[in-house]
Amino acid sequence: MTKVIAVTNQKGGVGKTTTATALATGLKREGYNTLLMDLDPQCNSTDTFRAIVHNVATLYDVLVAGDPITEAIQHTDIGDIVAGDPLLSNAEQKMSEQGREYRLKEAMERMPEGYDFIIIDTPPNLGVLLTNALTAADSCIIPITSERFSFQGLGELDKTIARVRKYSNPNLEIDGLLMIKTDPRRNLAKEAKEELPAICEKLGTVLYETHIREAEDVRKAQKLRQSIFTWAPNCTAAKDYEAFIDEYLTKTANKEVC
């Protein structure tokens, strides 16, 4: 059975795309059939996978024009992807009001069999694209940074998740919070340490034990349009994402306290 995971946080700069691409490529390295969907109009996941945007079907065409999602799947050297599109920034205006939060879910009902995981990279805002991702997903992972200000706005995301559960996806779960861009030379801010348990409790989720350390190789890999596992498989971030994937696969179902 396919597991659909949305990687989301409405705040930019918290490693959403890095996590989505690492999760998709890392699970693929573990032998799972994975598909990445890029719902972010910035198309950074699409760029990393070296997918084509012009003169091909993209997620914009699937959501707005109703193109079959099978026609939008691209097979790249890094992995399978449904490419994003800068035109997604206009999706809010282009999609009709009635049932528009179900567009992605309905499209995915015609997805070919065989994928173990589908990872959705979401945009950094609370709008129709995020609602589509959460409606189509089984669960979500929320990357956060170790700075206290990165927690700001999680309350609004929680409200969005609550609305999705109420109106379009009652079974949506939050798998966990993933700490990104940590620096072992610096301690987690005292205020952050104090707030995290309450945040986890409020969201009904966990903080993953694995933290992803800051690494320059992540930025270099993105610039070179490569997976971190291909460009620098021995760097700290790659090792951390490997550990996170192991933790995800073995512990998420048995959610531990924060």
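Just above sits the structure.
All values derive from a computational prediction rather than experimental measurement.

## Overview of the overall build of the protein chain
Helix and strand counts for the protein chain come out as 11 helices and eight strands. For the protein chain, the C-alpha radius of gyration of 17 Å lies close to 18 Å, the compact-globule estimate for 258 residues. For the protein chain, long-range pairs separated by at least 24 residues make up 80% of all intrachain contacts whose partners lie at least 6 apart in sequence. Within the structure as shown, the protein chain displays about 12200 Å² of accessible surface, and the carbon and sulfur contribution to it stands at 47%. Averaged over its 30 positive side-chain charges, the protein chain has a centre that lies 5 Å from the centre of its 38 negative ones.

## Some thoughts on the side chain of Asp40
Checked against the element boundaries, Asp40 lands in the loop between strand 2 (34-38) and helix 2 (44-48). Look at Asp40: it is buried, it has no salt bridge, and the nearest opposite charge is Lys16 at 4.6 Å. Ignoring any residue separated from it by four or fewer positions in sequence, one finds Asp40 in contact with Leu88, Asp121, Thr122, Pro123 and Pro124.

## Let's talk about the nonpolar core
Of all hydrophobic cores here, the largest spans 48 residues; its most connected members are Met37, Leu104, Met108, Met111 and Leu177. With near-sequence residues (within four places) excluded, Met111 lies in contact with Leu35, Met37, Ile69, Ile73 and Ile118. Membership of the second largest hydrophobic core comes to 33 residues, among which are Ala22, Leu27, Ala83 and Phe117.

## Quick look at the state of the cysteines
One pass over the full model with this rule turns up zero disulfides. With no disulfide of its own, Cys140 lies 13 Å from the sulfur of Cys200, the closest cysteine sulfur.

## As for the pairing of strand 2
For strand 2, the tally of buried residues reaches five of five residues, placing the bulk of the element in the interior. The two faces of strand 2 match: Thr34, Leu36 and Asp38 on one face and Leu35 and Met37 on the other face are all buried. Pairing of strand 2 with strand 5 (residues 117-121), which is carried by five bridges, proceeds in the parallel orientation. Residue pairing across strands places Leu35 opposite Ile118, the latter belonging to strand 5. With three bridges connecting them, strand 2 and strand 4 (residues 80-82) associate as parallel partners. Bridge assignment links Leu35 to a residue of strand 4, and that residue is Asp80.

## Looking at the packing of helix 1 (residues 16-29) against helix 11 (residues 236-251)
Packing of helix 1 against helix 11 brings their axes to within 10 Å, and their N-to-C directions diverge by 70°. As summarised for this structure, helix 1 and helix 11 are arranged roughly perpendicular, according to the angle between their axes. Counting all contacts with helix 1, which are made through Thr18, Thr19, Ala22, Leu23, Gly26, Leu27 and Arg29, the residues of helix 11 involved are Tyr241, Glu242, Phe244, Ile245 and Leu249. Broken down by class, the residue content of the contact of helix 1 with helix 11 amounts to seven nonpolar, three polar and two charged.

## With respect to helix 6 (residues 128-136)
Each α-helix winds once per 3.6 residues, and so residues spaced three or four apart point in a common direction. Most of helix 6 is tucked away: eight of the nine residues are buried. Residues of helix 6 that are buried: Val128, Leu129, Leu130, Asn132, Ala133, Leu134, Thr135 and Ala136.

## Points about the packing of aromatic side chains
By the definition in use, this model includes three aromatic pairs. For the ring pair Tyr208 and Phe244, a centre distance of 5.0 Å and an interplane angle of 80° mean the geometry is edge-to-face. Taken together, the positions of Tyr208 in strand 8 (residues 207-213) and Phe244 in helix 11 put the pair 36 residues apart, joining distant regions of the chain. In this structure Phe244 comes out as buried when scored by relative accessible area, which is 0%. Following the ring pairs from residue to residue traces out a cluster consisting of Tyr208, Phe244 and Tyr248.

## Details of the pattern of salt bridges
Per the stated rule, a full pass over the model turns up nine salt bridges. A salt bridge links Asp240 to Arg213; its shortest N-O distance comes to 2.8 Å. Pair noted here: Asp240 is in helix 11 and Arg213 is in strand 8, with a separation of 27 residues, a long-range link. Assessed through its relative accessible area of 8%, Asp240 is described here as buried. Taken together, the salt bridges that share partners define one network made up of Arg29, Lys239 and Glu242.

The rules we used
- Residues numbered from 1 in each chain as written.
- Predicted model: local features only at pLDDT ≥ 70, side-chain atom pairs only at ≥ 80, totals over all residues.
- Heavy atoms only, no water.
- Helix = DSSP H or I, 4+ residues; strand = E, 2+ residues; numbered from the N terminus.
- Rg over C-alpha atoms; globule rule 2.2 N^0.38 Å.
- Contact = heavy atoms within 4.5 Å.
- Areas by Shrake-Rupley, 256 points an atom, 1.4 Å probe, with all protein chains shown as cover.
- Lys, Arg positive; Asp, Glu negative; His and termini not counted.
- Charge placed at Lys NZ, Arg CZ, Asp CG, Glu CD.
- Buried < 20%, exposed > 50% of the residue type's maximum accessible area, 1.4 Å probe, protein only.
- Salt bridge = Lys/Arg side-chain N within 4 Å of Asp/Glu carboxyl O.
- Core = buried A, V, L, I, M, F, W, Y, C linked by side-chain atoms within 4.5 Å.
- Disulfide = S-S within 2.5 Å.
- Pairing = 2+ DSSP bridges.
- Axes fitted to C-alpha atoms, helices over the stretch in contact; angles between N-to-C directions.
- Parallel < 35°, antiparallel > 145°, perpendicular 65-115°, else oblique.
- Nonpolar A, V, L, I, M, F, W, Y, C, P; charged D, E, K, R; others polar.
- Phe/Tyr/Trp six-rings, centres within 6.5 Å; stacked < 30°, edge-to-face > 60°.

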